[in-house]
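# Structure assessment
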Amino acid sequence: MRLPPVITAPEAAALVKSGDTLLVGGFGMTGNPVNLVHALAETDTRDLTYVANNVSEPGLSGGRLLRNRQIARAVGSYFTSNREAVQASQEGWLDVTLLPQGTLAEAIRAGGAGLGGFYTPTAAGTLIAEGADTRTISGQEMVFVPAIRGDVAFVRAWRADRTGNLQYRLTEQNFNRAMATAAKVVVAEVEEIVEVGGLAPEHVHTPGLYVDYLVQAPLTLANLGSSADVKGGSRRVDEARMNMARRALKELRAGDVVNLGIGIPTLVADLITPEMNINLHTENGMLGVGPAPEDGGAMDYPVNAGKIPVTALPGASYFDSAESFGMIRGGHVDVAVMGGLQVDAAGNLANWAVPGKPLLGVGGAMDLAGGARRLIVTMTHTEENGAPKIVGSCTLPLTARGVVDMVITDRAVFEFRAGRLTLTGLMPGATLEDVRASTGAAFDERL
């Protein structure tokens, strides 16, 4: 029977050499092998290619490596969550490769499965796909993405047995499961190591054949950063935003699987009651999301895509990021409610690239916009300077083309009917004249 050695965090850090590609599991600080990465931060290892969803939080995990300038290149989906990563990119010493979150997860999964890459509809026709090999497959434009493999993977699990079998806790599967398959050397940081037979076979998420070393290292609240307590999250709530959330809720039906984006869409969750039978999906690996707890953090609760602790409703399930985005791309999510920066007359959406800001954070927006069966966009009707957000043609980098079904603003409701932008409702306090004057695209009126 193969028994991977149990080593210390400094011994694990010594396995990483300068110039290596390092895969680091976790979604934010949830499921993050922070003890391993902090041990690596105590070494002289440099010139790393760091593959993760993001570069953690300032001074934590990958954020500590970044402060030490041990990372030369970063591959991920959402770097704007760490202001120091943004600054490093702007200063030119951190080379960043931005991938949609689902593409990143699938590229790692493909690397672990021995594939050279794959074609995906995500990001087709957008700035991120420029220069990529594209093909039309079954009538749909698709982009080729090479597989990702690493020299070393640091992953975090809740429990391991002495054969290296791993069990993850709550939403901590995220990128860990795929990364545990996709490196030459895999080190699993775990809370507890039990004897052979201590994990029931049906509770094993990662078979031990993938794992080369085990490190037992407990987490602390300090390791969880902003997810340590639900009170660490903040949301803007005002009547106009709540009106948009209430209007979006009217579009959801019993039995729907629904994904709510960050910003205004998160307010919809507060309005959903169990009797509505709406099943909330979060792309970091959970179906059956319940309301936020009154207190407590990621040590006791799962987290949502905003890295905020939530509860799990009866019948909820957990899975990893690759499977989650397979659900999205495969058309198994009925409705996505997302924020927007611009929507145009052709149903194109732009919502990931903020004017004047670095293009460093796309997250799961492209996957969701193109994969959900129905897309509802919630946003203010105009910019602060009065410029319209509903325009004839998007001037900001696109998230996805021709995907928007409905737009709900603080002034109006628009639907795309037979491919035409159509005004179907006015929001409280808005007038038809005001909407006509503040909309930058021609539209039909069916009030």
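A brief structural summary. (Residues numbered from 1 in each chain as written. Predicted model: local features only at pLDDT ≥ 70, side-chain atom pairs only at ≥ 80, totals over all residues. Heavy atoms only, no water.)

### A word on the overall build of the protein
Secondary structure summary: the protein contains 11 helices and 24 strands in total. Here the protein has a C-alpha radius of gyration of 22 Å; the compact-globule value for 447 residues is 22 Å, and the two agree. Projected onto its principal axes, the C-alpha positions of the protein cover 70 × 45 × 40 Å. Relative to its 447 residues, the protein shows a buried fraction of 57%. Here the analysis covers contacts within the protein between residues at least 6 apart in sequence; of these, 70% occur between residues at least 24 apart. (Helix = DSSP H or I, 4+ residues; strand = E, 2+ residues; numbered from the N terminus. Rg over C-alpha atoms; globule rule 2.2 N^0.38 Å. Buried < 20%, exposed > 50% of the residue type's maximum accessible area, 1.4 Å probe, protein only. Contact = heavy atoms within 4.5 Å.)

### Things to note about the sheet that holds strand β17 (residues 342-344)
With respect to topology, three strands assemble into an open sheet ordered β18-β17-β20, the strand pairing being mixed. Two strands lie at the open edges of the sheet, namely β18 (349-350) and β20 (390-391), each paired on one side alone. Here β17 runs beside β18; their pairing, made up of two bridges, is antiparallel. Its bridge partner being in β18, Q342 is matched across the sheet by A350. (Pairing = 2+ DSSP bridges.)

### Some remarks on the environment of T378
Relative to the helices and strands, T378 resides in strand β19 (residues 374-378). Accessibility expressed as a relative area gives 2% for T378, which makes it buried. Separated by 282 residues in the primary sequence, T378 and V96 have C-alpha atoms spaced 30 Å apart. Apart from residues no more than four positions distant in its own chain, T378 is found in contact with A248, I264, P265, V337, M338, G339, G340 and I408.

### Things to note about helix α4 (residues 83-91)
Where α4 is concerned, the buried positions are E84, A85, V86 and A88. Regarding α4, its N-cap is N82, as a side-chain oxygen of that residue lies 2.9 Å from the backbone nitrogen of E84 further along. Just downstream of α4 lies G92, where phi reads positive at about 95°. (Polar contact = N/O pair within 3.5 Å; in protein donor to acceptor, adjacent residues only side chain to side chain.)

### A look at the environment of Q101
Mapped onto the elements of the fold, Q101 is located in helix α5 (residues 101-112). A relative accessible area of 4% means that Q101 is categorised as buried. For the pair Q101 and G363, spaced 262 residues apart in sequence, the C-alpha to C-alpha distance is 5.0 Å. Not counting chain neighbours up to four residues away, the residues in contact with Q101 comprise F27, N53, S77, F175, E283, F325, G363, G364 and D367.

### Examining the pattern of salt bridges
Under the counting rule described, the total for this entry stands at 21 salt bridges. Residue D334 is joined to R373 by a salt bridge in which the shortest nitrogen-to-oxygen separation is 3.0 Å. Taken as a pair, D334 in the loop between α9 (321-329) and β16 (335-339) and R373 in the loop between α10 (365-371) and β19 lie far apart in primary sequence, 39 residues in all. Given a relative accessible area of 17%, D334 falls into the buried group. For the salt bridge of E445 with R436, the shortest nitrogen-to-oxygen distance reads 2.9 Å. Assessed through its relative accessible area of 30%, E445 is described here as partly exposed. Several salt bridges share partner residues, and in doing so they unite E106, R109, R329 and D367 into one network. (Salt bridge = Lys/Arg side-chain N within 4 Å of Asp/Glu carboxyl O.)

### With respect to the nonpolar core
Formed by 37 residues in total, the largest nonpolar core has its most connected members in L22, L40, Y50, V55, L65, F154 and V215. At the level of secondary structure, the elements contributing two or more residues to this core comprise α1 (9-13), β1 (21-24), α2 (34-40), β2 (48-51), α3 (62-67), β3 (71-76), α4 and β8 (150-161). Sequence-distant contacts of V215, defined by excluding residues within four places in its chain, comprise I7, T8, A9, A12, L36, V187, A188, E189 and V190. Of all hydrophobic cores here, the second largest spans 32 residues; its members include L375, V404, L423 and V435. (Core = buried A, V, L, I, M, F, W, Y, C linked by side-chain atoms within 4.5 Å.)

### What to know about the side chain of D161
Mapped onto the secondary structure, D161 falls in strand β8. Salt bridges are absent for the buried D161, whose nearest opposite-charge side chain, R162, sits at 7.5 Å. At a separation of 3.0 Å, a polar atom in the side chain of D161 contacts the side chain of N165. Setting aside residues no more than four positions away along its own chain, D161 makes contact with I193, V194, E195, G197, L199 and L214. (Lys, Arg positive; Asp, Glu negative; His and termini not counted.)

### Brief notes about the packing of α5 against α9
Relative orientation of the contacting elements α5 and α9 amounts to 125°, with a least axis distance of 9 Å. Classified by the angle between their axes, α5 and α9 sit oblique to one another. Considering how the two elements wind past one another, α5 and α9 form a crossing that is left-handed. In this structure, α5 uses Q101, G102, T103, A105, E106 and R109 to contact α9, whose residues at the interface are S321, A322, F325 and R329. Looking at the contact of α5 with α9, its residues break down into three nonpolar, four polar and three charged. (Axes fitted to C-alpha atoms, helices over the stretch in contact; angles between N-to-C directions. Parallel < 35°, antiparallel > 145°, perpendicular 65-115°, else oblique. Left-handed = near helix turned anticlockwise from the far one by under 90°. Nonpolar A, V, L, I, M, F, W, Y, C, P; charged D, E, K, R; others polar.)

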